[in-house]
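Results of the structural survey
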Amino acid sequence: MNTTTTGGYVTDTAYVAEFYGDHAPTHLNLVAAANGFRPRPVDGPFAWCDYGCGNAVTANVLAGCYPNAQFYGVDFLPAHIRTAETLAIRGGLENTTFIQKSFADLDESDIAPLDFAVMHGVLSWVDDATRAAALDDAARRLKPGGFLMTGVNAMPGWAAKLPMRNMIYSLTKDGDNTLERARVGLEWLNKLKGAKVKYFRDNPALAEAVEELERADPRYMAHEYFNENLRAFYFAEMRAMMEARGLKFAGCARMFLNMVDLTVPIELQEEFRNVSSRAELEAKRDFIRNETFRRDVWIKGEPLKTEEEWLEINQNLTFGTLEPLANIDRAVAFGDIQLSYENEPFGTVLNLVAAQGTSVASMEREPALASLSPWTRAEAARLLAAGGQVMCFAGETKAVKVPKGAKLSMPAVNRGMIKELGLTVPRIALAAPLAGTGIEVPNIDAILLLARCDKGLDGAVKAAAEVLSVGEGDVVISGKTLKPKEVEALLADHLKKLEDTMLDKFAEIGVVSVES
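All of these numbers come straight from a predicted model, not from anything done at the bench.

A few words now on the overall build of the protein chain. When helices and strands are counted, the protein chain shows 22 helices and 18 strands. Here the C-alpha atoms of the protein chain give a radius of gyration of 23 Å, agreeing with the 24 Å that 2.2 N^0.38 yields for 516 residues. Based on the C-alpha atoms only, the size of the protein chain along its principal axes is roughly 60 × 55 × 50 Å. Taken across its 516 residues, the protein chain has 54% of its residues classed as buried. Here the contacts in the protein chain between residues at least 6 apart in sequence split such that 76% fall between residues at least 24 apart. For the protein chain, the exposed surface amounts to about 22400 Å²; the carbon and sulfur share of it is 51%. With 55 positive and 70 negative side-chain charges, the protein chain shows a spacing of 2 Å between the two charge centroids.

Written out as structure tokens, the structure reads:
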């Protein structure tokens, strides 16, 4: 593919198939509401687009959650669009549109006016002209009050990594393909790390960066390190690009980063509370956190004008969890800062929302919370969400207790995801329509869940083993080769754990349904 139409983006290797929960409309609305902006309605038709959608796992999963909305994905790579369309077909989706074009070549009719737009990584991986084309297109299509979420490599966190990246990009430029270049580059970085050369001694975080690359899918390194162009941005640079297009900063997509108490050392918190603007706060905090990747939300609109408006929109937010209460950590670390959810009102709110999605307004009906002001209830929910285990739901849900052996079904989108990706990726993203987002589960659990829906409790293990084509010698654990019967016993243990710990939650959020 011509690099003049792809902005220097890697085209010989498909990107990893991943789901990004912070792209969900509910999450973008939460960020906006917490920072004083009005959320977009998601209980009716709306439009969402991913610029640089990759394999479009996120777009397809979210499309399965919101059948009345329209989901778009744009990407340069034919392989990405083929996978995106295959997932949509396998999932029976009729509300997706995937476009293989350069951002500069998009026609006015290609994409409807947007409520939400997302760009993960792509702004750092393309040239200036392509970056401008993507931002111009999204800014033009956003409706008044619409949101753009950007994810970019960030400074100063990338300051030491950029020379490292430039070195392996240059040394491997004659490589046959990008994956081979990544392999050779990583091999050289490991040699430098092992020899403890001065550059690594002077920049100790690089050793951890190399170890992360070793653990990652090689396709991640191919796309992160071997695009022709690679930019890491200071917040001020991102803000200038957005404001030039009529967009304002609405908040950090990682919720806790919007809270000074959770991100700034105690000795500096007073100074941060007295900053003259949010822009000053973000610019200063980047050097405290030294983040390598920023996720930010921008709005084509104005902030709320009154405290009454803020309270109204936050009262209407619904919070829930994708995990049962037993799986949720009660103490969360935000770098050097620890927050405990054992104390009240956190404990009561957490118990409530882990059982069923509950709005801040409805929390008043809980006796232990009734005496609290609505401001306190909203703040408690917001701080729980900062920990990443409580999230904003599309609406309230009801607690479900699945009877043993009950007949189950699952949405077509989840069937499609499991059948298409179950044997190729370690974790499968499944739509949770009642929550309005997706949940990633281990591929073995996803395959067992589908088998449980199709063959019932008694036939699920055998059906899953057939999907996995388990034969003699196919599975080795701790050096021991398992026989087929031993593998079935292992699958039975997985299924029991799934039934005991996750099935009620899956039914609550709509990953599966209990047949009457």
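To continue, consider the pattern of salt bridges. Taken as a whole, this structure holds 38 salt bridges when the rule is applied. A salt bridge links Lys101 to Asp107, with the shortest nitrogen-to-oxygen separation between them at 3.1 Å. Relative accessible area serves as the criterion here: at 23%, Lys101 is assigned to the partly exposed category. With a closest N to O distance of 2.6 Å, Asp500 and Lys496 form a salt bridge. A residue pair is termed a helical-turn pair when its members lie 3 or 4 positions apart in one helix, as Asp500 and Lys496 do in helix α21 (residues 484-501) at 4 residues. Taking the relative accessible area as the measure of exposure, Asp500 reaches 52% and is therefore exposed. Of the residues examined, Lys496 reaches a relative accessible area of 53% and is grouped as exposed. Salt bridges sharing common partners tie together Arg278, Glu282, Arg285, Asp286, Arg294 and Asp296.

Quick look at the pairing of strand β7 (residues 293-299) now. Summarising burial for β7: 6 of the 7 residues are buried, a large majority. Inspection of the sheet shows strand β5 (residues 142-153) paired to β7 by 7 bridges, in the antiparallel sense. Following the sheet pairing, Asn153 is matched in β7 by Phe293. One ladder, built from 4 bridges, connects strand β6 (residues 248-252) with β7; its direction is antiparallel. Paired with Lys248 across the strands is Ile299, a residue of β7.

Topologically, Gly357 is positioned in the loop between α17 (346-355) and β11 (358-359). Separated by 36 residues in the primary sequence, Gly357 and Phe393 have C-alpha atoms spaced 6.7 Å apart. Contacts of Gly357, omitting those with residues within four sequence positions, involve Thr318, Phe319, Gly320, Phe393, Glu396, Thr397 and Glu508.

For the rest of this paragraph, the subject is the sheet that holds strand β12 (residues 390-393). Taken in spatial order, the 3 strands line up as β11-β8-β12 in an open sheet, and their pairing is antiparallel. Every other strand in the sheet has two partners, leaving β11 and β12 as the edge strands with one partner each. Sheet strands touched by α17: β8 (318-321), β11 and β12. Its angle to β8, the strand with the most contacts, is close to 80°.

Turning our eyes to something else, we now look at helix α18 (residues 374-386). Counted at 1.5 Å a residue, the expected span for α18 with its 13 residues is 18 Å, and the 18 Å between its end C-alpha atoms agrees. Among the residues of α18, Arg377, Ala378, Ala380, Ala381, Arg382, Leu383, Leu384, Ala385 and Ala386 are the ones counted as buried. Following α18 by one or two positions, Gly388 adopts a phi angle in the positive range, close to 85°.

Along the chain, Met155 connects to Pro156 via a cis peptide bond; the corresponding omega equals 10°. Considering the arrangement of structural elements, one finds Pro156 in the loop between β5 and α7 (161-171). With an omega dihedral of 10°, the bond running from Glu344 to Pro345 counts as a cis peptide bond. Summarising the element assignment, Pro345 is placed in the loop between β10 (337-340) and α17. Phi at Lys196 is positive, roughly 50°, even though this residue is not glycine. Here Lys196 shows up in the loop between α8 (178-195) and α9 (198-202).

A word on the layout of surface pockets. The space that makes up the largest pocket amounts to roughly 1100 Å³. Where the lining of the largest pocket is concerned, the elements lending two or more residues are α10 (205-215), α11 (218-225) and β7. When residues in the lining of the largest pocket are grouped by element, the largest group, 6 residues, is from α10. Across the lining of the largest pocket, the residue classes tally to 19 nonpolar, 7 polar and 12 charged. What the second largest pocket holds in volume is close to 880 Å³. Around the second largest pocket, the lining comprises 29 residues; the ones closest to its centre are Tyr20, Gly21, Asp22, Gly388 and Met391.

Let us now look at the environment of Tyr72. Along the chain, Tyr72 falls in strand β2 (residues 70-75). Residue classification places Tyr72 among the buried residues on the basis of a relative accessible area of 9%. The spacing of Tyr72 and Ile111 is 39 residues in sequence and 7.1 Å in space, taken between C-alpha atoms. If we skip the residues at most four places from it in the chain, Tyr72 touches Ala47, Trp48, Cys49, Asp50, Thr97, Asp110, Ile111, Ala112 and Leu114.

Here we come to empty space enclosed by the protein. Within the structure shown, the criterion is met by 4 cavities of 30 Å³ or more. Each pocket or cavity is described by its volume, and for the largest cavity that value is around 210 Å³. Along the wall of the largest cavity there are 21 residues; nearest its centre are Tyr15, Tyr20, Gly52, Cys53 and Gly54. For the lining of the largest cavity, the elements supplying multiple residues, two or more each, are α3 (57-65) and α5 (122-125). Considering only residue class, the lining of the largest cavity consists of 11 nonpolar, 7 polar and 3 charged. Estimated volume of the second largest cavity: approximately 60 Å³. Along its surface, the second largest cavity is lined by Cys252, Arg254, Leu257, Arg285, Asp286, Arg289, Glu291, Phe293, Arg294, Arg295 and Asp296. Considering each element in turn, the lining of the second largest cavity owes the most residues, 4 residues, to β7. Residues of the lining of the second largest cavity, tallied by class, amount to 3 nonpolar, no polar and 8 charged.

Rules used in this analysis
Residues numbered from 1 in each chain as written. Predicted model: local features only at pLDDT ≥ 70, side-chain atom pairs only at ≥ 80, totals over all residues. Heavy atoms only, no water. Helix = DSSP H or I, 4+ residues; strand = E, 2+ residues; numbered from the N terminus. Rg over C-alpha atoms; globule rule 2.2 N^0.38 Å. Buried < 20%, exposed > 50% of the residue type's maximum accessible area, 1.4 Å probe, protein only. Contact = heavy atoms within 4.5 Å. Areas by Shrake-Rupley, 256 points an atom, 1.4 Å probe, with all protein chains shown as cover. Lys, Arg positive; Asp, Glu negative; His and termini not counted. Charge placed at Lys NZ, Arg CZ, Asp CG, Glu CD. Salt bridge = Lys/Arg side-chain N within 4 Å of Asp/Glu carboxyl O. Pairing = 2+ DSSP bridges. Axes fitted to C-alpha atoms, helices over the stretch in contact; angles between N-to-C directions. Expected span 1.5 Å × (residues − 1). 1 Å grid on protein atoms, 1.4 Å probe; cavity = no way out; pocket = protein on both sides within 12 Å on 5 of 7 lines; lining within 4 Å. Points joined across faces, edges and corners; volume = space filled by probe spheres on them. Nonpolar A, V, L, I, M, F, W, Y, C, P; charged D, E, K, R; others polar.

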